[in-house]
Each structure stands twice: as structure tokens, then as C-alpha cells.
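Below, each chain spelled out in residue letters.
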Number of protein chains: 2
Amino acid sequence: MAQALRVGIFGGGIVGGGTVELLTAASKSGKLAQLGAKIDVAKICVRSLDKPRDFVVGPSTQLVTSYDDILKDPSINCVVEVMGGVTHAKDVVFGAINAGKHVVTANKALIAAFLPDLQKALQANPGVSFNYEAAVCGGIPIIHTLQTDFPCDDIHKVMGIMNGTTNFMLCKMEDEGADYGDALKEAQALGFAEADPTADVEGHDVQAKIALLAKLCFGKTVPWETVPTSGISKLTSIDFEYARILKSTIKLVGVANRNEDGTLAVFVSPMVVPLVMPLASAKGPGNMVVVNSKNMGAATFAGPGAGRFPTANSICNDLVRLSVGKTVDPFPIDVPSIELNNDYTAQFYVRISITDGLGIIKQVGEAAEAAGVSIHAILQNPITRAQVDFVVTTEKGTRLSQVKDLCDRISKMSFALNPPLFMPML
Amino acid sequence: MAQALRVGIFGGGIVGGGTVELLTAASKSGKLAQLGAKIDVAKICVRSLDKPRDFVVGPSTQLVTSYDDILKDPSINCVVEVMGGVTHAKDVVFGAINAGKHVVTANKALIAAFLPDLQKALQANPGVSFNYEAAVCGGIPIIHTLQTDFPCDDIHKVMGIMNGTTNFMLCKMEDEGADYGDALKEAQALGFAEADPTADVEGHDVQAKIALLAKLCFGKTVPWETVPTSGISKLTSIDFEYARILKSTIKLVGVANRNEDGTLAVFVSPMVVPLVMPLASAKGPGNMVVVNSKNMGAATFAGPGAGRFPTANSICNDLVRLSVGKTVDPFPIDVPSIELNNDYTAQFYVRISITDGLGIIKQVGEAAEAAGVSIHAILQNPITRAQVDFVVTTEKGTRLSQVKDLCDRISKMSFALNPPLFMPML
């Protein structure tokens, strides 16, 4: 149902300001009117009224500091939540839904953390539309696409590069032979990485995102904190040397994949990605999602994963859909019966750091046999140094638990300098 | 408005059959019901009732041979047109609209040829929804994305690899050093290219597609037959040798681009594409569309451009949107005031075939000066043969008309074996 929106925005920062700017421009240019959309920003809730803003607050827009100024204003029928976090934002989003106001949010963490509660609240308020295009991969319209473009298809895998910071760093390591520490420093200097980069480099940022994509693709609510997650902080330039031998690169990928037995594996891990695969072509801070399905084979969606205007653009798209009455079910499929099983099978890359010595390959071979792992190839660059890194790749169909077992066994051997680093190969 | 659809399909071939198969499966699995969609295929209009079909015609579906069996059946409220062509298909599509039936079509040529008439017919029948996701780039949901994901954005360029046959051939030429003739033969042997490949290799197939994307991105109705179009039939393996020197490859690209003065250039041409650009990563028969916009920077959409199930998938998406009441305006923006000007500026690649001799570079330099073209680089591989091909690249900002003038001048020179081949560089 088409409707004029009176919007209350929570958050007057980068994304909130960008949203106001885009709406103002689209209103002035007559674009909104041409589309039949009517969107007015009535109030913006900010922490401080005195803080200078990097956008123009129009004469019909009021800055407020109390949540209730928006939540209890009956003239406001739509809330945009761009505060971030999961405490205050939760009060705002659930408060809005329970007050019968539509919600547009960019908050992946909130949705992933409270998905069942959210669905209950929406069921109790059937007139409320909930929209979150901006929550995953910033500007890429992946949420709307997954909601509406696969109803008669059968998705068997969704995977994505969904963190721009780490992709920027990995490209530095690949293109310039940079080591992890230097790549991180450059990302921090350029403002891509935070002073505390943990959430990015350890993959936690992707955890919530892949949980949401798994919900959209498979209808399964995946508790985000159960998603096994490895980051990129243990990668070194040596891994890129070996990746090159394998005609591959390394990407941090969130994956949700139907196992052969129909169970669902969801995980975040660096992966060895062959250069011929689309994911290998994602450069710099960009994001990319690949959907593998029965009808389509592979479909790829790429673009900016963050930033003021890409994210604000997604929020505006949701607002326009709301105003012209074309929103869709936020979580169109619900298949709770699918079982989760993260002990997935793959071909694995295992890098083993050793002090050189005799009989090491034999011992690794024995460990592989004991762990039930078939070795596909052994790669060792002829580099003379005290610490030697060599790589074992397994046969396809190796279970994650088997590789972990192999790495545990190797860790305990006297020649092993560190626990081996392992990652799946795409 | 949500509604149960009783569908009449025109065409029981590859795409029509695929559509029936997907709808049957989605109905049986309960997916359609879960989405709130109700879609029954009541009739399929075919040329011959006796021809064996590669899909199961359900008990509630009737094969018919007369258009009126569907168009005059008041119980049918939606027509799917997958016959192709622009004569009978025109009667069917306009007949359906004027009978108040919704339309889903995969027919890019029809839409491009009769866009103004189509918009008039839809205005006269405001209850009719017109949908054509399958018409451009098969399975890639580019139409719906352009209709709904850029309302507050400002697109300045849309370009795409939108013909799988030629992209397959160009990849062969790049990867294997194949010459044009061999690449065509292989494409024909694999069923990617038709016995008469003209529509594909001369770029005509892309002409209608880029005209439609220009309409969606810029609101301008571009008569498809006015789109300047060059194909790939004059490319040789030598062009790929030079492209490699330029760290580039060659792709057949449809482009719609705002010129600096605000006019719109729309053309189809092979282009020299740097390997670092997303378009260079489109491999084999796949399609890829890149949208450049103010808010997003670059967004990329890739997937299968043709084939039974990708195309049928897009048709099913349109049908589901229709049934659940979420269709959108087929041509949401209308900006007739934009002027077309195909004399665009770019950096150009010019390959000149000569019999070797003295003073040739000097004469080419004089021709460039006379044509007002600044030369950026001259490349000549040290290959000893009677026919020598060398390449001139121009400075950025060279006008198409200037390059044509340059090539005309060179053609008339005694050393020139053929008119030079030119193409823009991305």
C-alpha cells in the first residue's frame, strides 16, 4: 500500500547524514515525485544537539535527543535506525515495531542477534514493514535480490567477500607481497581499518552477515555466534607465494553451503580461491556475493560494501519501496527443519611451519593416514632459511574435523614450530 | 494487488517448457504457496499439437494453436510471451495488453522496437502490468535492479557484456590464441553460435539490449536501430597480442554513457578492457553488467545470459511478483529531454595493417594531426611478415568522429592494406 512517509532517523552520523542528503536531493530533483514516493524526514535523534553536522538539516526537520520524541510521535510512521550496536538500537527497533512504525535499518548485528524475537514482533504487528538492504554489503542490493529473485530456484551455496577492510589487506598482500602487519598498517592509515581491527581481521564482522544470507537463501535461522570463524591474522606472505603456485589467491569468505546430505554448513574462513573464479576478481575494499543455484548456475553481485553514500543509497531504496507500497517479506522462506552441520567437506590447504630436518614428510604422511586424510599434493618452495614452511593440499571430500585432527597431530610433533594453518580451497 | 494468476503461455519451446517445469516444481514443493503466490498455467499456444514436448504438460494445462484461444479467454489474466520475433509476438503482446491481461515477456527485440507504442498501450490499460526481466541478460536480475535500486542515485554509465556467444569466442581468442574463424567454428560446434552468426558477431543482439538499459538508467527512449554498432568479426589474434601488451583484453560491450555535456552516447563496440576492470573477468558465455553511479561508484551484476532455466527463472520471478502484487513500473523514469550524441570521446585503439615501407609513421602522424587526433602511443610487435600490423593509441578525450576521420585518411594511403580497425579503450 502506497503511503506518505514521515520518517524519524536514529543517528545523525555518516550514514544518517548521507540518507538525509540523498532524500533532499531526490526530492528537489523531482525524482521522488516521479516515482510516486513521498518521504519527509520529520526528526533526527542525535546524542548532542550542539555537535556540528556535515549535512543540512532542513527547516521541516527537527533534531531531538530523546528516543520517545520519535517513538511516541504518532505522526511518524517510519523509523530509520543507523545508530549501530545492539543495546540502544534494540530498544529503538523493537520500540518502533511495537508502536506500529515501519523500520529501515542498516544493523546486521542487531538482526542476526535477535532474529527470532524480531520475527515474533513482526508477526504481532502485521502492518509493520521491516527492511534491511543496507545491513549486508552496503550498496549491493543483495538482500532484495535474495528476497525476490530466487522463488522458483534452489540455492545450494551462497558465499561472499563481505568485509572491505580485510579484502583491501589481502589484495595488498597479493599484489605487493606485503606481509600481514604492513597491510594492516596501510589499511589503518587509509581509514579502512579501525585502531582495534579485531572485528574485521578475525572475521567477526562477516559472521552476522553470512548468518543473514543463510536465512534468506535457505530459510534457516543460524545463531550467528555458532558460526565457526577464522580470520586472516595468521596469514603471511608465504601463503600468497603458495597460492600463486596453485594459480589462486586468498580471500576471506563467508559461506553457507548445503552439504551432500542436505545439512547446512555455515562458516567464515580465509579460502584459497582459483584466479579464474569470480571471487578472485574482487579488488580493494569492494564486496562480492556469489549465489550458486540450480537454475542459474552462478550469479555474482559486486559493489561497494560500506561507506556513506552506498549505505545511504540502500536505505533510500528501502524507503522508496515502502512509500510506493512495494516492500517484500523480509524473511520470505522459513525452513527450520534443515539441520546445521559445520563439519563440511572440502579440499584443504595446510601450511606447516617446521625447523628443517629428516623424515618430516614421512611423519606428516603418517599423521595424515591416522587422521584419515588423503594428501593430494605437497608443495615446498626451495627457500633457504631456518624456518621452512611447506604446504600440503588434501584430496577433495576431506572433512573439516579430519583436517583439524591432522593439524593437532602435527602440532605435537617435535619439528612443528606452530600449529599448522589450514583453510579450505574453493 | 495480490492475485491468482491463470497464465497463457505463447511458445512451448526451450524457455516456455522451462517455465512450465519450474512452476510445476515450485508448486509441488509448496514454495509458491509459502510466498503467497498462486500461478496456474491454463493454456500453452504452440504451432503444432503433435510435436513431442520435452516437458510434462499437466492435466490442467491445455495445448492450443490459435492465439485467440488465449487472448479471448476471459479466465486467463496473464500472458507469457516466449515466441520471439517482432511480428506475431507483437500481435500477442499488444493483444494481451488491450484485453487487460498482464504480460511477461523475454522479447528484447519487441520491446526495443515498439517502446513508445508499448508505453501508450500500457497507459491506456492502467490495470495491466508489463514485465520483462528475461529480456536482457537472461538470468541476471538486472531489469528489476535498475527499476528499483537506483531511485535516489545518479547513474552516469551503464555497460555490459550481453552476448554470451561472442564472449565465449573472445575468451577463446584470448586464452588460446585462437583466430576469429576457429573461435566461431568452436562456438558453432558447441551450440553457442547459430549457423548464421551475424546477429551475434556483428553486435545486433546487443543493440536492443543496450537501448533498453539506456531507457531504464536514463529515462531516454533510444531507437535501437540508431545505436552505432560494431561487431567482432574484424578482430584477429593480433589484436589480442596488442591487448596483452596493454595489460588488457577485448570484450564486446554495449555502452550507454552520459557525455560531459550531459548528452547521452549509446553504442555497441568491441572495447580494449584493462585486466583489472570487472568486465575483463567475465568468462565464457556469461554476461555482466556494470553500473557506474554517483552513490555507488561501480556495481557489477554477472550471471548466465541465456539458456532454458536462467531465462525461465526470470520469467517465474516476474510471475511471482505479479501474483503477490509486487510488480513495479516497467519504465520508472522518463526523461525525453536528454539529447543523444553518439560522437563520444574516449581513448581509442587503432590497428593499422600495412605493407612495410619507409616513412609510414610520419604519414600516420600527419594524418592524425589533420584529423585533430593526439597520439598517445605507438606499438609495433617485432614480427617479420609481409603484412605488418601496428597499433596507435590516442589520447583520452579523442572524439569518435576524429578517429573515423583518421582511419579514413589512412585508408587512402598507399601502404594501407585495409581500413584500420578502431575501438574505444575502457
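Residues numbered from 1 in each chain as written. Chains lettered and ligands numbered in written order. Predicted model: local features only at pLDDT ≥ 70, side-chain atom pairs only at ≥ 80, totals over all residues.

## Quick word on the overall build of chain A
The following threshold applies: Only DSSP runs of H or I with at least four residues qualify as helices, and only runs of E with at least two residues qualify as strands; both kinds are numbered from the N terminus onward. For a compact globule the rule gives 2.2 Å times the number of residues to the power 0.38, and the radius of gyration it is set against comes from C-alpha atoms. As a rule, residues whose C-beta atom has 12 or fewer other C-beta atoms within 10 Å are exposed, those with 20 or more are buried, and those in between are partly exposed; C-beta atoms are placed from the backbone.
When you go through chain A residue by residue, the secondary structure sums to 15 helices and 16 strands. Computed over C-alpha atoms, the radius of gyration of chain A comes to 24 Å, within 12% of the 22 Å expected from 2.2 N^0.38 for 426 residues, which places it in the range of a compact globule. By its C-alpha atoms, chain A is 80 × 45 × 35 Å across when sized along the principal axes. Here chain A holds 426 residues, and the buried ones make up 53% of them.

## A closer look at the domain arrangement of chain A
Residue and element names in this part refer to chain A. To keep things clear, this is the line we draw: Residue ranges for the domains trace back to a domain assignment, done automatically or taken from a database.
Taken domain by domain, chain A comprises domain 1 (5-138 + 310-323), domain 2 (147-302) and domain 3 (345-425). Here domain 2 and domain 3 have C-alpha centroids that lie 23 Å from each other. Where the side of domain 2 that touches domain 3 is concerned, the elements lending two or more residues are α12 (237-245) and β9 (264-274). Ranked by residues supplied to the side of domain 2 that touches domain 3, first place goes to α12 with five residues.

## Looking at the sheet that holds strand β5 (residues 102-105) of chain A
Residue and element names in this part refer to chain A. Applied cut-off: A pair of strands is labelled paired if DSSP reports no fewer than 2 bridges between them.
Pairing is parallel in the open sheet, where six strands are placed in the order β3-β2-β1-β4-β5-β6. Every other strand in the sheet has two partners, leaving β3 (62-64) and β6 (130-131) as the edge strands with one partner each. Where strand β1 (residues 5-10) and strand β2 (residues 39-45) come together, six bridges link them in parallel fashion. Following the sheet pairing, Gly8 is matched in β2 by Lys43.

## With respect to the sheet that holds strand β4 (residues 78-81) of chain B
Residues and elements named next belong to chain B. The line we're drawing: Residue pairs qualify as contacts under a 7 Å threshold applied to their C-beta atoms, which are placed from the backbone. Fitted lines through C-alpha atoms serve as axes, helices being fitted only where they are in contact, and the angles separating the N-to-C directions of these axes extend from 0 to 180 degrees.
Strand order in the open sheet formed by six strands is β3-β2-β1-β4-β5-β6, with parallel pairing between adjacent strands. Two strands in the sheet have a free side with no partner beyond their single neighbour: β3 (62-64) and β6 (130-131). Judged from the four bridges that link them, strand β1 (residues 5-10) and β4 form a sheet pairing that is parallel. Bridge assignment links Gly8 to a residue of β4, and that residue is Val79. The strands touched by helix α1 (residues 14-28) are β1, β2 (39-45) and β4; relative to β2, the strand with the most contacts, the crossing angle is about 155 degrees.

## Notes on the environment of Leu235(B)
All names here are of chain B. Within the secondary structure, Leu235 is located in the loop between α11 (204-218) and α12 (237-245). Overall, Leu235 belongs to the buried group, with 25 C-beta atoms counted inside 10 Å. Once the C-alpha coordinates of Leu235 and Leu170 are considered, the two residues, 65 residues apart in sequence, prove to be 9.2 Å apart. Residue contacts for Leu235: discarding those within four places in its chain leaves Tyr180, Ile250 and Pro270.

## Let's talk about the packing of helix α14 (residues 360-371) of chain B against helix α15 (residues 400-411) of chain B
All names here are of chain B. To keep it simple, the criterion reads: What sets the label is the angle itself: under 35 degrees gives roughly parallel, over 145 gives roughly antiparallel, 65 to 115 gives roughly perpendicular, and the rest give oblique. Helix crossings fall into two classes, left-handed where the near helix is turned counterclockwise from the far one by less than a right angle and right-handed where it is turned clockwise.
For the pair α14 and α15, the least separation of the axes is 9 Å and the interaxial angle reads 140 degrees. In terms of axis orientation, α14 runs oblique to α15. Helix-helix and strand crossings are classified by hand; for α14 and α15 the assignment is right-handed. Counting all contacts with α14, which are made through Val364, Ala367, Ala368, Ala370 and Ala371, the residues of α15 involved are Gln402, Asp405, Leu406, Arg409 and Ile410.

## Let's talk about the interface of chain A and chain B
Contact residues are listed per partner, giving 41 residues for chain A and 41 residues for chain B. Those elements that place two or more of their residues in the side of chain A that touches chain B are α1 (14-28), α2 (31-35), α7 (142-148), β11 (297-304) and α13 (308-323) of chain A. No other element matches the eight residues that β11(A) contributes to the side of chain A that touches chain B. In this sheet, strand β11 (residues 297-304) of chain B lies alongside β11(A) in antiparallel orientation, the contact comprising three bridges. Looking at β11(B), one finds that Thr300(A) is bridged to Ala302(B).

## Quick word on the environment of Asp154(A)
Residues and elements named next belong to chain A. Inspection of the secondary structure puts Asp154 in the loop between α7 and β7 (155-161). For the pair formed by Asp154 and Leu190, sequence separation is 36 residues and the distance between their alpha carbons is 41 Å. Not counting residues within four places of it along the chain, the set of residues in contact with Asp154 comprises Ser293 and Lys294.

## Regarding the packing of helix α8 (residues 164-176) of chain A against helix α9 (residues 180-189) of chain A
Between two packed helices, the angle of one axis relative to the other and the distance separating the axes together describe the packing. All names here are of chain A. At a minimum axis distance of 9 Å, the contact between α8 and α9 shows a crossing angle of 130 degrees. With respect to α9, the element α8 is oriented oblique. Viewed along their axes, α8 and α9 form a crossing whose handedness is right-handed. For the pair α8 and α9, contact is made by Thr165, Phe168, Met169, Lys172 and Met173 and by Tyr180, Ala183, Leu184, Glu186 and Ala187, respectively.

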